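Residue-level structural notes
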2 protein chains.
Amino acid sequence: MTAPIAIRRLNAADPDFARHLDHLLSWESVSDEAVNQRVLDIIQAVRERGDAAVVEFTQRFDGVQATSMADLILPRERLELALTRITAEQRKALETAAARVRSYHEKQKQDSWTYTEADGTVLGQQVTPLDRAGLYVPGGKASYPSSVLMNAIPAKVAGVAEVVMVVPTPRGEINEIVLAAACVAGVDRVFTIGGAQAVAALAYGTESVPQVDKIVGPGNIYVATAKRHVFGQVGIDMIAGPSEILVVCDGGTDPDWIAMDLFSQAEHDEDAQAILVSPDAAFLDKVAASIDKLLPTMERAEIIRTSLQNRGALILVADQAQACQVANRIAPEHLELSVADPQAWLPHIRHAGAIFMGRYTAEALGDYCAGPNHVLPTSGTARFSSPLGVYDFQKRSSIIFCSADGASELGKTASVLARGESLTAHARSAEYRIASNKGQGE
Amino acid sequence: MTAPIAIRRLNAADPDFARHLDHLLSWESVSDEAVNQRVLDIIQAVRERGDAAVVEFTQRFDGVQATSMADLILPRERLELALTRITAEQRKALETAAARVRSYHEKQKQDSWTYTEADGTVLGQQVTPLDRAGLYVPGGKASYPSSVLMNAIPAKVAGVAEVVMVVPTPRGEINEIVLAAACVAGVDRVFTIGGAQAVAALAYGTESVPQVDKIVGPGNIYVATAKRHVFGQVGIDMIAGPSEILVVCDGGTDPDWIAMDLFSQAEHDEDAQAILVSPDAAFLDKVAASIDKLLPTMERAEIIRTSLQNRGALILVADQAQACQVANRIAPEHLELSVADPQAWLPHIRHAGAIFMGRYTAEALGDYCAGPNHVLPTSGTARFSSPLGVYDFQKRSSIIFCSADGASELGKTASVLARGESLTAHARSAEYRIASNKGQGE
């Protein structure tokens, strides 16, 4: 028998509610100067000494007995072998999930477009895939096969010619399900390297590791710091904060279900955040009772307890409108609308990474296999960013093809504006294309 | 009479060409530790003391005699006044450009989408605008009205409710065309503040300056450094490097036109880069002669000379295929295809910010009024990023609405994968939704 969890209770009617909520949500990743300097040194070494530096760091940090990069490369055949080493049930689950994720992401593909104006001028955008993407996969206990699917499949759907994965194997430990997932997702090459050295190798290239155009995937503080530093040299996805869920419930869902949904977020780590909002005070009590009842049965009970006590909350609101206000203020990574008519709520939700609608849509279904991506904006960044998607592996080039008549007209406007900015080469370049001036041209 | 420009000549047939090209393109913005620390101090001060800190920094850095933030706010009426203070020709040019930019960007708007599966499960994405965007506009000589249009109009087209602009007024100097452009573009509020303090105010909010969700727009090294630091707290656009153009010409365009197109890039600043590629060696000589002939007639001759000598080049290639290879290696911000049949080239161009097609399409037309955005990825980042667009002011939320049957099926797959990751709360949350287990649920 364990002690009840002291989970924070808030009431939106409290005059201090906004301040309490701000405090609850406050999170800032500490940028440790020592970590920063070590990462900069590692990046510099990889840029200067390539493979040799990567091998040294891998020996030192991962305890791997590699003598050259050749020992740190897994060919595609090794991934196929992994697929035979997992259980038939696991293989089927991976393939089912991959098929659903692929099918959903196919709908995100963006096409080139153009239109032609009356004078023959053509405008538009050409959409093309990145040439090569790098996928970081953590080693050890945070090594999730589902993340391999979620990061690699959008890249392949976008048409990225080569997806290169890096995954450290601390003390030689290989996760067969991760390799099987890489096989199913269509990963082209795997290097068993990790940390800042793997990020640096992908960003700048070495003799063996090809330079990529964008690096995606989660990692520890060294990986996150390295990604920040190489941003600009390559694209990066986002710098993820702790995972969070906001469950909004009208009181009509089984409280055990809601408790377990909160647990599924809290079990990630002690910093994860799980919040329940309801207009039904008695229901909040029921969920609290379910939490106390179910917690002792959980394998990760201590992580869940710490997470819920430090960062969790049960929030009482007046009504649906106030629940939506709280949701929009939080801009949660995961928003569960466990209510009778979630479609009626949807137009009022402005900010959320993913919206799980109705009593049956547990976040866990979306984490693995519903189809949408589980890489989502955290820490309120859903105010301005989106789930990882095919669009992250495509980019656009503007297309401008002026007819002679079009250029002549545009040249007049450009000339006035350029001279207003004192950019006379711009003005004269435009003026060459004005019909009456054409004697100066061709 | 000035001395001829010593502009670099490269030949793609040279065995050392790749190395020479790498050297020509190499550019790394230096992260100055002193700048970094000053910026961090300014951000900290603004977070702690709000308006008071912003006013102090504005007095100190901009030499403005403000006593409170009230002195640093321009209401919408002041923008309308500016519109009456510029010439009729300038007003017409601004309005023409704005209408074309708006019309082009309307075509970039993305809509929400969903689809329903056989078992009733609904999947999709809800697309919503950002609530509030911040637009940084430099003061002094780099204060460009065209940039106001290019940054503000996509935000308004996306449906951003409030666009807040900041523009410093060094020694009180106000650029009326910039304010007029803000009026035409639909900017809602203007604060006459700048530097890292303006970025911090937009990112964190003060008593007077509202917190925004994303900050866009160019700025000096303090502004760029501040944007890097607040990234995550708010969204940012990109950290721009020096502007660049790659002109590819088949030899059939008037060499004076090409010389002026190169000048229009080089006149921006000494670090700007202008490169010409042609399979016609005699044409390269003609352009070199045009450069020498026209340079003395240019107002910004010294900037152009320095830029072309330090970072410019005339590159001889064997044929169209090799020209495309060079273009894709450079991934230029601006690519001018000054050739007879640019449509035939387009499928071979994989990386470019904007593609200016045909002999009439001077880059300057696109800079001001063709319609596409002039905020483009620099320094090779077109390999993985896109022009600023409406999509930068919209974000997506995944939508997942499982039917009872759908959840039951998905629950089985999720359960297997979650247990493979030792995340048993995830597994149990999913298992509650499997039909045969439902006795445990509702």
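Residues numbered from 1 in each chain as written. Chains lettered and ligands numbered in written order. Predicted model: local features only at pLDDT ≥ 70, side-chain atom pairs only at ≥ 80, totals over all residues. Heavy atoms only, no water.

As for the sheet that holds strand E15 (residues 394-401) of chain B
On the basis of which strands lie adjacent, the open sheet formed by 9 strands has the order E1(A)-E12(A)-E11(A)-E10(A)-E13(A)-E14(A)-E15(B)-E4(B)-E3(B) and mixed pairing. In the strand order of this sheet, the two ends are held by strand E1 (9-11) of chain A together with strand E3 (113-116) of chain B, each with one partner. Neighbouring strand axes in the sheet, compared pairwise and without regard to direction, differ in orientation by 20° on average. Relative to the sheet, helix H5 (residues 88-106) of chain A contacts E3, strand E4 (122-129) and E15 of chain B, its axis offset from that of E4 of chain B by approximately 40°. (Pairing = 2+ DSSP bridges. Helix = DSSP H or I, 4+ residues; strand = E, 2+ residues; numbered from the N terminus. Axes fitted to C-alpha atoms, helices over the stretch in contact; angles between N-to-C directions. Contact = heavy atoms within 4.5 Å.)

Let's talk about the packing of H5 of chain A against helix H16 (residues 404-420) of chain B
Direction vectors running N to C along H5 of chain A and H16 of chain B enclose 120°, while the axes themselves pass 9 Å from each other. Taken together, the axes of H5 of chain A and H16 of chain B are oblique relative to one another. In the packing of H5 of chain A onto H16 of chain B, the handedness of the crossing is left-handed. Across the interface between the two elements, Glu-89, Gln-90, Ala-93, Leu-94, Thr-96, Ala-97 and Arg-100 of chain A from H5 of chain A touch Leu-410, Thr-413, Val-416, Leu-417 and Gly-420 of chain B from H16 of chain B. Split into classes, the residues belonging to the contact of H5 of chain A with H16 of chain B amount to 6 nonpolar, 4 polar and 2 charged. (Parallel < 35°, antiparallel > 145°, perpendicular 65-115°, else oblique. Left-handed = near helix turned anticlockwise from the far one by under 90°. Nonpolar A, V, L, I, M, F, W, Y, C, P; charged D, E, K, R; others polar.)

Quick notes on helix H11 (residues 281-294) of chain A
All names here are of chain A. Taking 1.5 Å per residue as the helical rise, H11 with its 14 residues ought to reach 20 Å, and the 20 Å between its terminal C-alpha atoms agrees with that figure. When we look at burial in H11, the residues that qualify are Phe-283, Leu-284, Val-287, Ala-288, Ser-290, Ile-291 and Leu-294. The arc enclosing the buried residues of H11, seen along the axis, measures out at 160°, which places them on a common side. For H11, the N-terminal cap is Asp-280; the gap from its side-chain oxygen to the backbone nitrogen of Ala-282 is 3.1 Å. (Expected span 1.5 Å × (residues − 1). Buried < 20%, exposed > 50% of the residue type's maximum accessible area, 1.4 Å probe, protein only. Arc of directions from axis to C-beta. Polar contact = N/O pair within 3.5 Å; in protein donor to acceptor, adjacent residues only side chain to side chain.)

Observations concerning the domain arrangement of chain A
All names here are of chain A. Along its sequence, chain A is carved into domain 1 (8-27 + 241-370), domain 2 (33-239) and domain 3 (402-432). Computed over C-alpha atoms, the centres of domain 1 and domain 2 are 32 Å apart. Taken residue by residue, the interface counts 7 residues in domain 1 and 6 residues in domain 2. Of the roughly 540 Å² buried at the junction of domain 1 and domain 2 (both faces included), carbon and sulfur atoms supply 47%. A per-residue breakdown of the area domain 1 buries against domain 2 is headed by Tyr-368, Cys-369 and Ala-370, which together make up 60% of the total. Linking domain 1 to domain 2 there are 0 salt bridges. The interface formed by domain 1 and domain 2 includes 2 residue pairs in polar contact (both at pLDDT 80 or more). Among the residues making up the side of domain 1 that touches domain 2, the classes are represented as 3 nonpolar, 3 polar and 1 charged. (Domains from an automatic or database assignment. Buried area = accessible area lost by both parts, 1.4 Å probe. Salt bridge = Lys/Arg side-chain N within 4 Å of Asp/Glu carboxyl O.)

Brief notes about the interface of chain B and chain A
With 121 residues of chain B at the contact, the number on the chain A side is 121 residues. For the pair chain B and chain A, the summed buried area comes to about 11100 Å², and 57% of that belongs to carbon and sulfur atoms. In terms of surface lost to chain A, no three residues of chain B exceed Tyr-360, Tyr-368 and Arg-433 of chain B, which account for 7% of the buried area on that side. Along the contact surface separating chain B from chain A lie 8 salt bridges. Among the ionic pairs, Arg-433 of chain A bridges to Asp-261 of chain B, the shortest N-O distance being 2.8 Å. A class-by-class count of the residues in the side of chain B that touches chain A yields 56 nonpolar, 38 polar and 27 charged. Of the pairings in the sheet, the one linking strand E14 (residues 354-357) of chain A to E15 of chain B comprises 3 bridges and is parallel in character. Across the sheet, Phe-356 of chain A pairs through a bridge with Ile-400 of chain B, a residue of E15 of chain B.

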